[in-house]
Amino acid sequence: MTRNERANFGSKLGVILASAGSAVGLGNIWRFPFETGNHGGAAFILIYLVCVLILGIPIMIAEFLIGRRSRANTAGAYQKLAPGTHWRWVGRMGVLAGFLILGYYSVVAGWTLEFIGEAATNSFAGKSAAEFIASFNGFVSNPWYPVIWLVVFLLATHFIIIKGVEKGIEKSAKIMMPMLFILLVVLAICSVSLPGASAGIEFLLKPDFSKVDGNVFLGAMGQAFFSLSLGMGCLCTYASYFRNDTNLPKTALNVAGIDTLVAILAGFIIFPAAFSVGIQPDAGPSLLFITLPNVFQQAFGNIPWLAIALSIMFYVLLALAALTSTISLHEVVTAYLHEEFKFTRGKAAKLVTAGCIVLGVLCSLSLGVGKNYTIFGLNLFDLFDFVTAKIMLPLGGFFISIFTGWYLDKKIVWEEVSNNGTLNIHIYRLLIFILKYIAPIGIGLIFINELGFFK
Ligand code: TRP
């Protein structure tokens, strides 16, 4: 794909859907519920919402403006806007974070393919909750199947990256995103009407602040960055393909709104169902894959064809939502290698795919045969998740807000945010205030708290 083709990132709707495609993914439907479950429910969600509002949206606007102004990959963007400075290390750290995330994300993305197969062969039928848990654990610790699926998933990502993102992704996103949304609503309705679902609804709506500690803040902040694809230059890279008349603040609001809605809907699917069948909300990464087949069985078990059809549809859409996210992660690293090291785009993409296959296989094996190899008590899969979501992304966000709030010429910021003064941006001063003070101080305090200085 040449730069000209990339600049095509078409219509306004295309821009929003491509960015929302990056944001909406396993982070919303898989990671958000299990982080919520680990951190006690409603209070975590409230803190998460605050993080999206005061960190997520402003930092997203900052990434957008850095990307569109420089029209370069994320490391090149800092090089252009701050030549000869160390700011390019922020971009480079982002590229590394993207590579690591893609490594373990593709493991879970691969799981969705297995579940499409299981749904299609009706193998959820008649299983008890305990059997779902056992078969899931057997599957993820198997040294072969998850590895094969993750390779398939990365090859699919690779194929689309080298084909060109706009036509395939933009077009399919226009059909897929509304379908995913409708299906989520249907499933949420089914889930909340299961017997015993009210305990799950209470878990989502009644905050228990006694459980809130530094970990909850760190978890909520990490989840906000992860879910919104922030802190590593992903949306910065996408914004380098935006048109000059794209309204950046409005796009950020739309993307954050869609992303949050999907996450909350996923919560309303997972928790009522989990409580209904007696699965603990803190079951961790397996939560989605254990409760959901159960929902299909319990809600539609009497009408087998419907159970099969809906479950296939759900996992297909989940896989596609994951695909639009892996594409955006892949694109960051590919664009970087292509533009900074002058590899052809195809060669750059091959290097990224090959590297991610290696990382992905290691992450997948770390859940089975390699589970005794731990670093800081975490297996490789959990370690990658922790280091990227809870350290690298917020750190990236910290530097992005300092860069935009303090370093970058405000004339540039104003020109980008208001499209050269053609848009009436009421929140401009607030935006600058947040990027200058609130975001860096907020992120800093959460980090310091986590290091234990306040205890
Ligand atoms: N936001 C995506 C999700 O929720 C994952 C993702 C895509 C991502 N690009 C990213 C996460 C960049 C962090 C940074 O599934």
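Caption draft 1: Representation of the overall build of the protein. Helix and strand counts for the protein stand at 19 helices and 0 strands. For the protein, the C-alpha radius of gyration of 21 Å lies close to 23 Å, the compact-globule estimate for 455 residues. On the principal axes, the C-alpha backbone points of the protein span a range of 65 × 50 × 45 Å. Counting over 455 residues, the protein shows a buried share of 59%. At a minimum sequence separation of 6, the contacts of the protein that also span at least 24 residues come to 82%. As displayed, the protein has an accessible area near 17,600 Å², and 68% of this comes from carbon and sulfur atoms. Positive and negative side-chain charges of the protein, numbering 30 and 23 respectively, have mean locations separated by a distance of 9 Å.

Caption draft 2: Representation of the nonpolar core. Ranked by internal contacts, the top residues of the largest apolar core, which has 156 residues, are Trp30, Ile66, Trp111, Leu292, Phe314, Tyr315 and Phe381. In terms of residue count, helix α15 (residues 304–340) provides more of this core than any other element does, 17 residues in total. If we skip the residues at most four places from it in the chain, Ile66 touches Ala77, Tyr78, Leu81, Cys236, Ile400, Phe403 and Thr404.

Caption draft 3: Summary view of the site of the ligand. Surrounding the ligand, one finds 17 residues, the nearest of these being Ala23, Gly27, Tyr105, Phe226 and Ser229. The separation between an oxygen atom of the ligand and a polar side-chain atom of Asn28 is 3.2 Å. Ser227 has a polar backbone atom sitting 3.1 Å from a nitrogen atom of the ligand. For the ligand, whose unbound accessible area comes to 360 Å², protein coverage reaches 100%. When contributions to the shell around the ligand are tallied by element, the ones reaching two or more residues are α2 (12–23), α3 (26–38), α6 (88–120), α11 (214–227) and α15. In the shell around the ligand, the residues fall into 9 nonpolar, 8 polar and no charged.

Caption draft 4: Expanded view of a nonpolar patch on the surface. On the surface, a cluster of nonpolar side chains totalling about 900 Å² of accessible area is made up of Val50, Leu53, Ile54, Trp406, Phe433, Tyr437, Ile438, Ile441, Leu445 and Ile448. Within the residue set of the nonpolar patch, elements represented by two or more residues are α4 (42–70) and α19 (428–451). For the nonpolar patch, the element with the most residues is α19, which contributes 6 residues. Its place among the elements puts Val50 in helix α4.

Caption draft 5: The packing of α3 against helix α17 (residues 380–407), seen in detail. In the contact formed by α3 and α17, the axes pass within 14 Å of each other and the chain directions differ by 90 degrees. The angle between the axes of α3 and α17 places the two elements in the roughly perpendicular class. Contact residues: Trp30, Arg31 and Glu35 in α3; Phe381, Asp385, Ala389 and Lys390 in α17. In terms of residue class, the contact of α3 with α17 is built from 3 nonpolar, no polar and 4 charged.

Caption draft 6: Inspection of unusual backbone geometry at higher detail. A positive phi is found at Lys342, a non-glycine position, where the angle reads about 60 degrees. Relative to the elements of secondary structure, Lys342 occurs in the loop between α15 and α16 (345–365). On the basis of relative accessibility, which here comes to 68%, the residue Lys342 falls in the exposed class. You will see that Asn420, though not glycine, has its phi angle at about 55 degrees, which is positive. Structurally, Asn420 can be placed in the loop between α18 (410–417) and α19.

Caption draft 7: Fine view of the pattern of salt bridges. Overall, the coordinates contain 9 salt bridges when judged by the stated rule. Its salt-bridge partner being Lys390, residue Glu35 comes within 3.5 Å of it at the nearest N-O pair. With a gap of 355 residues between them, Glu35 in helix α3 and Lys390 in helix α17 connect regions that are remote in the sequence. Lys390 shares its class with Glu35; the two are buried. Among the charged side chains, a network of salt bridges with common partners joins Arg68, Arg69, Lys411, Glu415 and Glu416.

Caption draft 8: View of the packing of α4 against α19. The contact between α4 and α19 brings their axes to 10 Å, and the two run at 125 degrees. Between α4 and α19, the angle falls in the class oblique. As for the relative orientation of α4 and α19, their crossing is left-handed in sense. Residue-level inspection shows Ile54, Leu55, Pro58, Ile59, Ile61 and Ala62 of α4 in contact with α19, the latter providing Leu431, Ile434, Leu435, Ile438, Ala439 and Ile443. When grouped by side-chain class, the residues that make up the contact of α4 with α19 number 12 nonpolar, no polar and no charged.

Caption draft 9: Structural view of α17. Most pronounced at Thr388, the bend in α17 amounts to some 30 degrees. The opening residue of α17, the one whose side-chain oxygen lies 3.2 Å from the backbone nitrogen of Phe381, is Asn379.

Caption draft 10: Structural view of the side chain of Glu415. As for its position among the elements, Glu415 is in helix α18. Overall, the relative accessible area of 17% leaves Glu415 in the buried class.

Caption draft 11: Inspection of the packing of aromatic side chains at higher detail. All told, the structure shown has 32 aromatic pairs when counted by the stated rule. An angle of 15 degrees between the planes, with centres 5.4 Å apart, marks the rings of Phe403 and Tyr407 as stacked. Of this pair, Phe403 and Tyr407 are both found in helix α17, 4 residues apart, which corresponds to roughly one turn of the helix. Positioned over the ring face of Trp406 is Lys436, at 4.8 Å from the centre of the ring.

About the thresholds
- Residues numbered from 1 in each chain as written.
- Predicted model: local features only at pLDDT ≥ 70, side-chain atom pairs only at ≥ 80, totals over all residues.
- Heavy atoms only, no water.
- Helix = DSSP H or I, 4+ residues; strand = E, 2+ residues; numbered from the N terminus.
- Rg over C-alpha atoms; globule rule 2.2 N^0.38 Å.
- Buried < 20%, exposed > 50% of the residue type's maximum accessible area, 1.4 Å probe, protein only.
- Contact = heavy atoms within 4.5 Å.
- Areas by Shrake-Rupley, 256 points an atom, 1.4 Å probe, with all protein chains shown as cover.
- Lys, Arg positive; Asp, Glu negative; His and termini not counted.
- Charge placed at Lys NZ, Arg CZ, Asp CG, Glu CD.
- Core = buried A, V, L, I, M, F, W, Y, C linked by side-chain atoms within 4.5 Å.
- Near = heavy atom within 4 Å.
- Polar contact = N/O pair within 3.5 Å; in protein donor to acceptor, adjacent residues only side chain to side chain.
- Nonpolar A, V, L, I, M, F, W, Y, C, P; charged D, E, K, R; others polar.
- Patch = residues over 30% accessible without salt bridge, like charges linked within 9 Å, V, L, I, M, F, W, Y side chains within 5 Å.
- Salt bridge = Lys/Arg side-chain N within 4 Å of Asp/Glu carboxyl O.
- Axes fitted to C-alpha atoms, helices over the stretch in contact; angles between N-to-C directions.
- Parallel < 35°, antiparallel > 145°, perpendicular 65-115°, else oblique.
- Left-handed = near helix turned anticlockwise from the far one by under 90°.
- Bend = angle between axes of the 7 residues up to and from the residue.
- Phe/Tyr/Trp six-rings, centres within 6.5 Å; stacked < 30°, edge-to-face > 60°.
- Lys NZ or Arg CZ within 6 Å of the ring centre and 35° of its normal.

Geometry only, nothing functional implied.
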